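Residue-level listing of the chains:
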Amino acid sequence: MVNSENVIDELKKIVKQKGLKYTEQREIVLNILLHADGHLTAEEVYNLIKTKKPDSNIGIATVYRALGFLEEVNLITSITFGADGKKYESNTKEHHDHLICTLCGRIVEFMDDEIEKRQDRIAKKNKFKITSHSMQLYGICESCKN
């Protein structure tokens, strides 16, 4: 389990380095994603804030701005669903890739050592140093096939 205090400290450090004002709203949005079980849309983050922090008075526009900032500074990542928008997750999980259902939007996280090794071999063969990567495989989940 990730220590959310360490991630919040990292947020404070980044905000200070950028010469910005630290806001509780960014911290609340980040905490929602740190403790989320899956990938969340901005609207789902907003609804969780209203449920878990009803006194915070954070609007949906603030949630979108906070998500944009947190993604920009690499504390969270997103998966884009075209016209359906983005789903977000914290960057604190072990590396993993995604299977994404194009019908229902279900996301399955997976890790495959063979795929990772093959990517490394391909990079080495091409004299390329991988600094990060994201694999998203799109298709139809079992529930939607039936």
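The notes below deal with the structure included here. For clarity, every value in this text was computed on a predicted model and none was experimentally measured.

Attention now goes to the packing of helix α2 (residues 24–34) against helix α4 (residues 60–72). Contact geometry of α2 with α4 gives a least axis separation of 9 Å together with a crossing angle of 75 degrees. Considered as vectors, α2 and α4 are oriented roughly perpendicular to each other. Counting all contacts with α2, which are made through Gln-25, Arg-26, Val-29, Leu-30 and Leu-33, the residues of α4 involved are Thr-62, Val-63, Ala-66, Leu-67, Phe-69 and Leu-70. Tallied by class, the residues present in the contact of α2 with α4 amount to 8 nonpolar, 2 polar and 1 charged.

Now for the sheet that holds strand β3 (residues 97–101). Spatially, 3 strands are ordered β4-β3-β5 in an open sheet, and the strand pairing comes out mixed. Two strands lie at the open edges of the sheet, namely β4 (107–110) and β5 (136–139), each paired on one side alone. Within this sheet the neighbouring strands show an average axis-to-axis angle of 20 degrees, counted without direction.

This next bit is on the packing of helix α1 (residues 4–17) against α2. Relative to each other, α1 and α2 sit at 145 degrees, their axes nearing to 11 Å. Regarding α1 and α2, the two cross each other, and that crossing is right-handed. Where α1 abuts α2, its residues Ser-4, Val-7, Ile-8, Leu-11, Lys-12 and Val-15 lie against Arg-26, Glu-27, Leu-30, Asn-31 and Leu-34. Here the contact of α1 with α2 is composed, by residue class, of 6 nonpolar, 2 polar and 3 charged.

Attention now goes to the packing of aromatic side chains. Within this structure, the stated rule accounts for 0 aromatic pairs. Across from the ring centre of Tyr-22, 5.6 Å away, lies the NZ or CZ of Lys-12, which sits over that ring. Taking the ring centre of Phe-69 as reference, the NZ or CZ of Arg-26 above it sits at 4.3 Å.

About the criteria used
- Each chain carries its own residue numbering, running from 1 in the direction its sequence is written.
- It should be noted that, the model being predicted, local features are given only for residues of pLDDT at least 70 and side-chain atom pairs only at 80 or more, the latter also being counted only at that level, while totals for whole chains, interfaces and linings use all residues.
- Each side-chain value is derived from all of the structure's non-hydrogen atoms; neither hydrogens nor water enter the calculation.
- The axes used here are C-alpha line fits, helices contributing only the stretch in contact, and every angle between their N-to-C directions lies in the interval 0 to 180 degrees.
- Each helix corresponds to a stretch of at least 4 residues labelled H or I by DSSP, and each strand to a stretch of at least 2 residues labelled E; elements are numbered beginning at the N terminus.
- Each angle gets one of four labels, with under 35 degrees taken as roughly parallel, over 145 as roughly antiparallel, 65 to 115 as roughly perpendicular, and the rest as oblique.
- Two residues qualify as a contact provided that any one of their heavy atoms is within 4.5 Å of a heavy atom in the partner residue.
- Each residue gets one label: Ala, Val, Leu, Ile, Met, Phe, Trp, Tyr, Cys and Pro are nonpolar, Asp, Glu, Lys and Arg are charged, and the others, such as Gly, are polar.
- Whether two strands pair comes down to DSSP finding at least two bridges between them.
- The crossing is said to be left-handed when, going from far helix to near helix, the turn is anticlockwise and less than a right angle, and right-handed when the turn is clockwise.
- Each Phe, Tyr or Trp ring, with Trp reduced to its six-membered ring, pairs with another whose centre is within 6.5 Å; inter-plane angles below 30 degrees give stacked pairs, above 60 give edge-to-face pairs, and intermediate values give tilted ones.
- We call a charge positioned above a ring when the Lys NZ or Arg CZ atom is no farther than 6 Å from the ring centre and deviates by at most 35 degrees from the ring normal.

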